Number of protein chains: 2
Amino acid sequence: MALIVKKFGGSSVSSAEKIINIAKRILSEKQPDDKIVVVVSAMGDTTDELINLASQINADPYKYKREMDMLLTTGEQVSISLMAMAFKTLGQEAISLTGPLAGIRTDAVHTKGKILDITPKRVIKELDSGKVVIIAGFQGCDELGDPVTLGRGGSDTSAVAIAGALKADFCEIFTDVDGVYTADPRISKNARKMQEITYHEMLEMARLGSCVMQPRSVEMGKLLGIPIHVRSTFTMDTGTIIREEYTMEEKGFVIRGVSHDEKVVKIAILGIANDTDMEHMVFASLAEENIDVDMIVKSIHNIEKNVADLVFTVAESDFPLASEIVKKLAERVGAREVVVDRDVAKVSVVGVGMLGNPGIAARMFGALSGTQIGMDVISTSEISISCLVKQDLFKKAVNAIHDEFFPVE
Amino acid sequence: MALIVKKFGGSSVSSAEKIINIAKRILSEKQPDDKIVVVVSAMGDTTDELINLASQINADPYKYKREMDMLLTTGEQVSISLMAMAFKTLGQEAISLTGPLAGIRTDAVHTKGKILDITPKRVIKELDSGKVVIIAGFQGCDELGDPVTLGRGGSDTSAVAIAGALKADFCEIFTDVDGVYTADPRISKNARKMQEITYHEMLEMARLGSCVMQPRSVEMGKLLGIPIHVRSTFTMDTGTIIREEYTMEEKGFVIRGVSHDEKVVKIAILGIANDTDMEHMVFASLAEENIDVDMIVKSIHNIEKNVADLVFTVAESDFPLASEIVKKLAERVGAREVVVDRDVAKVSVVGVGMLGNPGIAARMFGALSGTQIGMDVISTSEISISCLVKQDLFKKAVNAIHDEFFPVE
């Protein structure tokens, strides 16, 4: 017997037919004594349609965040009721519960709520009576009982948090890919599906550009100690299990994967008098605008004149605002110039195995120089090493690094 | 200052534009200190669309009544959130509350729930803070917190019940007609809009075929002592106020209105031995199938042989089942024959004024015979007199009776 939470996204439940197929699939895998909780998102384009409706009332409906939550939470409520009917039609007792009915309590930050705690009494009661329990993802309620949505990645987070509250054996996240790969399989044809990966590595890969899982739900899994099984909606194969530590021999690879991110821009502030408080000013101003900064490098290129350069990267979407802020500050402190380079991509290796394996950076850079790929700005974290390469070379770079660490047998 | 509950049906809120117009209309009538609660139904065809979606999962989705309630309650939740946004866009603070958030507790009879009690703490708090409060009609929740819909006429009932819980000054029901008329204005061009009518008369008129208001909400109004103002969505005119007693002189009309019902069928069981328990058997069997029986007449046409006839009417929609049941019973007790007449319509006069005015029946029948309209089966209640006429004569009958009691000045 196992207690399993299974999460399906909006595209998996976008029609009555798909909902019935998901119910059939779940029943085909269910062992007689298994307790199953299904977490679902709103059907297909429902959320967009509701937002469109609200836009007809006010061009900027997100001004009214509480009312947007009142509106948008109906989306999942529709899909849970239909999913429950699908199970019942197939002869399996089932019941749907909204986030509030499942005991999911959030703060009152509408449209971007955080789960405060889950009291799953009702869920446990319904599971114990032999029902499959279908819970609306992406939602809970605040102290007043008002509906609150969880914001981006919220459905995965709901699923993992519910699994934690129920002390489930694991949480299965069904997606359109069949697991986590050692590199993006669309770029590296030698990429392999991992059987396991640690939370820490998965978070680092997500931060460095792999978009299989939102970091938020992985953090929740780590916090609550719930293994997360990432697998495909379309096949019955085992996917990748994200957990605290490896349980299987994974052939002792020192790195777990190669990540990349094309959507970065390099900003360099050159010729700053080193006694100005430039770093603090820059990063505080960017943080105020919620702009994340990565790969920070400072170099003092002329010790005598005490002049330094400050280089860092930001996400492409943050670039226009970041560049504006930086140019103003640079002018104010009399920096020589600001150089912006959009023709870059970040390539990274990630793995807890690199702790105590000092040769990893050398092997990575060796692989790049061996294929005549120049690199720029290098940065490291505890379990990753990243560098920038030219945009048009990033696929070649990913393959070169991947072949170095995961040789084709 | 007044506390007013205003109810708008689905056709009044079927698009974003209509929702904005309703909000504008409400604000144009609002006095600065008025406290306003708005009760709304689901937008236009939403409920039908949701039922259609459920039918794609199971051809008979109403088998799963709890899940249907989970599904259908989303309809009003969408309209309340949009209505709240509309008020806010117009500069009026507003908040939407689902039935459960408004404190509407029901029994657990899904799809046909009854309101048990209302605890309007939250509603009062929001009104006191200056907000217009928009509440989802047609819904509440049971002891578990599960959504329950109120069934037919439920939105009007919600509105009146909320008005009662808030001790509102009155409840306004906005409809596509502008009030209650002395006869159906589509049939009688001399029909006049009433300023007032009592609950008792309104209930009797509804029972006898006038469909301006569902009896259920009128009963609720009577029970809670809430005056109900029936008025038009499309004009600003005063409509008709339904209340316990008249507050205005209404020129001493002895009857309040003429009702009609074309959708009735007469069933006659002829030649029954009078010592059989035929009445009990017939009406018990019909009641078991939830078939309402009206205008019951028993006549003993041959005292010597002790043989009787039993005549009554049923609604057209109940006719096939009723006729089947009656024919079987008639055969069992050896009645001579069963005669069915579908070519009938019921015409009635209603008014508390007829208590103590013995000449009403004579005037009604005089008006009919004066225009050569034959009548059949006659029945009376405390405040009404009904008879059957031929289908093709019922409009003529309504006009003849109306002109008798409401002479054109």
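The structure presented is a predicted model; accordingly, all values stated were derived computationally and were not measured.

**Student:** Let's hear about the interface of chain B and chain A: which residues, and what values?
**Tutor:** With 41 residues of chain B in contact, the opposing surface of chain A contributes 41 residues. When chain B packs against chain A, close to 3,200 Å² is buried across both sides, 70% of that on carbon and sulfur atoms. For the interface between chain B and chain A, the tally reads two salt bridges. The partner of Arg 122 of chain A in a salt bridge is Asp 146 of chain B, with the nearest N and O atoms 2.8 Å apart. Of all the elements in the fold, those that place two or more residues in the side of chain B that touches chain A are helix H1 (16–29), helix H2 (46–57), helix H3 (65–89), strand S3 (94–97) and helix H4 (121–128) of chain B. Per-element accounting of the side of chain B that touches chain A gives the leading share, 17 residues, to H3 of chain B. When its residues are assigned to classes, the side of chain B that touches chain A shows 25 nonpolar, ten polar and six charged.

**Student:** I'd like a rundown of the confidence of the model for chain A, residues and numbers included.
**Tutor:** Detailed conclusions should not be drawn from predicted coordinates in areas where pLDDT is low. When pLDDT is averaged along chain A, the result is 92; 99% of the residues meet or exceed 70. Scored as a complex, the prediction yields pTM 0.88 and ipTM 0.87.

**Student:** Outline the packing of helix H2 (residues 46–57) of chain A against helix H3 (residues 65–89) of chain A, listing residues and values.
**Tutor:** Residue and element names in this part refer to chain A. Running from amino to carboxyl end, H2 crosses H3 at an angle of 150°, the nearest separation of the two axes being 9 Å. Judged by the inter-axis angle, H2 sits roughly antiparallel to H3. The crossing of H2 and H3 is right-handed. Taking contact as the criterion, the partners of Thr 46, Thr 47, Leu 50, Ile 51 and Ala 54 in H2 are, on H3, Met 68, Leu 71, Leu 72, Thr 74 and Gly 75. Split into classes, the residues belonging to the contact of H2 with H3 amount to six nonpolar, four polar and no charged.

**Student:** Quick rundown of the packing of aromatic side chains? Include the residues and the values.
**Tutor:** Any aromatic ring pair is given by two values, namely how distant the centres are and how the planes are angled relative to each other. What the rule picks out here adds up to four aromatic pairs over all chains. Residues Phe 8 of chain A and Phe 174 of chain A carry aromatic rings whose centres are separated by 4.2 Å and whose planes lie at 10° to one another, so their mutual orientation is stacked. Here Phe 8 of chain A, found in strand S1 (residues 3–8), pairs with Phe 174 of chain A, found in strand S9 (residues 170–175); they are 166 residues apart in sequence, far enough to count as distant. Considering the side-chain rings of Phe 283 of chain B and Phe 312 of chain B, the 5.4 Å spacing of their centres and the 75° angle between planes classify their relative orientation as edge-to-face. Taken together, the positions of Phe 283 of chain B in helix H8 (residues 278–288) and Phe 312 of chain B in strand S16 (residues 307–315) put the pair 29 residues apart, joining distant regions of the chain. Relative accessible area serves as the criterion here: at 0%, Phe 312 of chain B is assigned to the buried category.

**Student:** I'd love a proper account of unusual backbone geometry, names of residues and values included.
**Tutor:** Phi at Thr 111 of chain A takes a positive value of approximately 70°, unusual for a residue other than glycine. When you line up the elements, Thr 111 of chain A lands in the loop between strand S4 (104–106) and strand S5 (115–118). A positive phi angle, close to 50°, is found at Lys 167 of chain B, a residue other than glycine. Its location among the elements puts Lys 167 of chain B in the loop between helix H5 (154–165) and strand S9 (170–175).

**Student:** Kindly report on the state of the cysteines, identifying the contributing residues and their values.
**Tutor:** All names here are of chain B. This model, assessed by the stated rule, comprises zero disulfides over all chains. Of the cysteine sulfurs around Cys 171, a residue in no disulfide, the closest is that of Cys 211, at 19 Å. By relative accessible area, Cys 171 is classed as buried at 0%.

**Student:** Describe the relation of the copies chain B and chain A, and please don't skip the residues or the numbers.
**Tutor:** Take chain B, turn it by 180°, move it 0.1 Å along the axis, and it overlays chain A with an RMSD of 0.1 Å. In symmetry terms, the pair is related by a two-fold rotation axis. For chain B, the smallest separation between a C-alpha atom and the rotation axis is recorded for Thr 74 of chain B, amounting to 2.7 Å. When the interface residues of chain B are mapped onto chain A, 100% of them again fall at the interface, so both copies present the same face.

**Student:** Give me H3 of chain B: which residues, what numbers.
**Tutor:** Residue and element names in this part refer to chain B. The end-to-end C-alpha distance of H3, which contains 25 residues, comes to 37 Å, matching closely the 36 Å that a straight helix rising 1.5 Å per residue would cover. Of all the 25 residues making up H3, 22 are buried; the element is thus mostly covered by neighbouring parts of the structure. Downstream of H3 by one or two residues, Gly 91 has phi in the positive range, about 90°.

**Student:** Just give me the short version of the side chain of Gln 139 of chain A, but keep the residues and values in it.
**Tutor:** Residue and element names in this part refer to chain A. Here Gln 139 lies in strand S7 (residues 139–141). Given a relative accessible area of 2%, Gln 139 falls into the buried group. A distance of 3.2 Å separates the side chain of Gln 139 from the backbone oxygen of Thr 73, its partner in a polar contact. Polar contacts involving the side chain of Gln 139 include one to the main-chain amide nitrogen of Gly 99, which spans 3.0 Å. Non-local contacts of Gln 139, meaning those with residues more than four positions away in its chain, are made with Thr 73, Glu 76, Thr 98, Gly 99, Pro 100, Ile 104, Val 148, Thr 149, Leu 150 and Ser 158.

**Student:** Lay out the sheet that holds strand S17 (residues 337–341) of chain A with the relevant residues and their values.
**Tutor:** All names here are of chain A. With respect to topology, four strands assemble into an open sheet ordered S15-S16-S14-S17, the strand pairing being antiparallel. Each edge of the sheet is formed by a strand with only one pairing partner; in this case those strands are strand S15 (293–302) and S17. Geometrically, the sheet is characterised by an average inter-axis angle of 15° between neighbouring strands, direction not taken into account. Across five bridges, strand S14 (residues 264–273) lies against S17 in antiparallel orientation. When the sheet's bridge partners are listed, Ile 269 is paired in S17 with Val 338. Set on the sheet, helix H9 (residues 319–333) makes contact with S14, strand S16 (307–315) and S17; between it and S14 the angle comes to about 5°.

**Student:** I'd like a rundown of helix H6 (residues 199–207) of chain B, residues and numbers included.
**Tutor:** Since the α-helix packs 3.6 residues into each turn, any two residues three or four apart lie on the same face. Residues and elements named next belong to chain B. Burial runs high along H6: seven of the nine residues are buried. Within H6, burial applies to Tyr 199, Glu 201, Met 202, Leu 203, Glu 204, Met 205 and Ala 206. Remark: Gly 209 follows H6 within two positions and exhibits a positive phi of approximately 120°.

**Student:** Explain the nonpolar core residue by residue, including any values.
**Tutor:** One recurring pattern in soluble globular proteins: nonpolar side chains tend to sit buried together. Val 5, Val 37 and Ile 134 of chain A are the most contacted members of the largest nonpolar core, which totals 78 residues. Looking at this core element by element, the count peaks at eight residues for H3 of chain A. In this structure, Ile 134 of chain A is in contact with Val 38, Val 40, Ile 80, Met 83, Ala 84, Phe 87, Ala 94, Ile 95, Ser 96 and Leu 97 of chain A, ignoring residues within four places of it in sequence. Judged by nonpolar contacts, the second largest core, of 77 residues, contains Ala 16, Ile 115, Val 160 and Ala 168 of chain B.

**Student:** Let's hear about the pairing of S15 of chain A: which residues, and what values?
**Tutor:** Residues and elements named next belong to chain A. Where S15 and S16 come together, seven bridges link them in antiparallel fashion. The partner of Asn 302 across the bridge, within S16, is Val 307. The hairpin formed by S15 and S16 contains four residues between the paired strands, and Asn 306 there has a positive phi angle of roughly 55°.

**Student:** Residues and numbers for the environment of Ile 80 of chain A, please.
**Tutor:** Inspection of the secondary structure puts Ile 80 of chain A in helix H3. By relative accessible area, which is 0% here, Ile 80 of chain A ends up buried. Sequence spacing of Ile 80 of chain A and Ile 20 of chain A is 60 residues, and the spatial spacing of their C-alpha atoms is 12 Å. In this structure, Ile 80 of chain A is in contact with Val 40, Ser 96, Leu 97, Thr 98, Ile 134, Ile 135 and Ala 136 of chain A together with Glu 67 and Met 70 of chain B, ignoring residues within four places of it in sequence.

Quick notes on the rules
Residues numbered from 1 in each chain as written. Chains lettered and ligands numbered in written order. Predicted model: local features only at pLDDT ≥ 70, side-chain atom pairs only at ≥ 80, totals over all residues. Heavy atoms only, no water. Contact = heavy atoms within 4.5 Å. Buried area = accessible area lost by both parts, 1.4 Å probe. Salt bridge = Lys/Arg side-chain N within 4 Å of Asp/Glu carboxyl O. Helix = DSSP H or I, 4+ residues; strand = E, 2+ residues; numbered from the N terminus. Nonpolar A, V, L, I, M, F, W, Y, C, P; charged D, E, K, R; others polar. pLDDT = per-residue confidence, 0-100. Axes fitted to C-alpha atoms, helices over the stretch in contact; angles between N-to-C directions. Parallel < 35°, antiparallel > 145°, perpendicular 65-115°, else oblique. Left-handed = near helix turned anticlockwise from the far one by under 90°. Phe/Tyr/Trp six-rings, centres within 6.5 Å; stacked < 30°, edge-to-face > 60°. Buried < 20%, exposed > 50% of the residue type's maximum accessible area, 1.4 Å probe, protein only. Disulfide = S-S within 2.5 Å. Least-squares fit on C-alpha atoms with pLDDT ≥ 70 in both. Expected span 1.5 Å × (residues − 1). Polar contact = N/O pair within 3.5 Å; in protein donor to acceptor, adjacent residues only side chain to side chain. Pairing = 2+ DSSP bridges. Core = buried A, V, L, I, M, F, W, Y, C linked by side-chain atoms within 4.5 Å.

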